[in-house]
Amino acid sequence: MEPTLPHPPPSDPPEAKLKIYFLPNLLTAGNLFCGFVALTKIVEADLSTGYQDIRFALGFILLACIFDLFDGRVARMGGVESPFGREFDSLADLISFGAAPAFLVHRIVLRDFYPERPEIGWFIASIYLICGAFRLARFNCLAAMSSGGGGKEFLGFPIPSAAGLVSSLTLLIIQLNEKEKDLGPWRWAPAVVLVFLSAMMVSTVKYPSFKSLGLRSTSTFTKAIVAALFLGLIVVFHRTILYYVLPAFFTAYLLYGFIRPRISRREIEEEDEDENGAGAA
């Protein structure tokens, strides 16, 4: 008679191994909620009565950027990063920073681009959405292969920054249009930027992620004073300069990806020159 082998202990179900942390995912849910409200306002907007609903939608897209900025930082600070959080964040980003800006530009600009062939506007807007989905999928794959939450650099222009640039630029166009300024061909700027950002999101240009910045990061006294004065200036004169500061900020970040390699190369060359000079001495 063969001895009875002990049964292996039952393995835990997959649900028991799934880690869902409350606060980071709550912030991500706030991001998703803002994207949904923005989409709703864009669809319901009656442009014949003004751009109030569109402004409301733009505000929620920018608010979603703030939620997205903090959910990952909260997870890293608490050491509670998880695959679930990364996937949930990407799904929220696709709505708030992919679908909402595409709907926005189509409603404001592309719908009047070629009225006889509306499918052309649909196609241009869908390019941004598809490239944004590819960008998020690539980020998740690279993060999974590195067994972490990604490095200190983003490969391709981040989709929240792309949405911030599109939204802030559209807000500026609306502001100038309400002041009865003749924008001429500049009224098509959001559509052109949308297509360019589509290519940048799936590009191999590297951008700093600023993941090292947080509550524990240190700074010099001068930088802290400059940052505080800059924030105070925005708060006091937000009705006047905010329309210009936001597009300038996101544009500067976009351009930084192109000039950053040259700055790094120059710093390396200067270090080599210093080392060679010290060795000769």
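Residues numbered from 1 in each chain as written. Predicted model: local features only at pLDDT ≥ 70, side-chain atom pairs only at ≥ 80, totals over all residues. Heavy atoms only, no water.

The next subject is the pattern of salt bridges. It is possible for side chains of opposite charge to pair when their charged atoms get near one another. Taken as a whole and assessed by the stated rule, the structure comprises four salt bridges. The partner of Lys206 in a salt bridge is Glu153, with the nearest N and O atoms 4.0 Å apart. Taken as a pair, Lys206 in strand 2 (residues 206-208) and Glu153 in strand 1 (residues 153-155) lie far apart in primary sequence, 53 residues in all. Judged by relative accessible area, which is 46%, Lys206 ranks as partly exposed. Across the pair Glu153 and Arg260 runs a salt bridge, and its minimum N-O distance is 3.2 Å. Pair noted here: Glu153 is in strand 1 and Arg260 is in helix 9 (residues 238-280), with a separation of 107 residues, a long-range link. By relative accessible area, which is 38% here, Glu153 ends up partly exposed. (Salt bridge = Lys/Arg side-chain N within 4 Å of Asp/Glu carboxyl O. Helix = DSSP H or I, 4+ residues; strand = E, 2+ residues; numbered from the N terminus. Buried < 20%, exposed > 50% of the residue type's maximum accessible area, 1.4 Å probe, protein only.)

Tallying each qualifying case throughout the model produces seven aromatic pairs. What links up through ring pairs into an aromatic cluster is the set Phe157, Tyr207 and Tyr253. (Phe/Tyr/Trp six-rings, centres within 6.5 Å; stacked < 30°, edge-to-face > 60°.)

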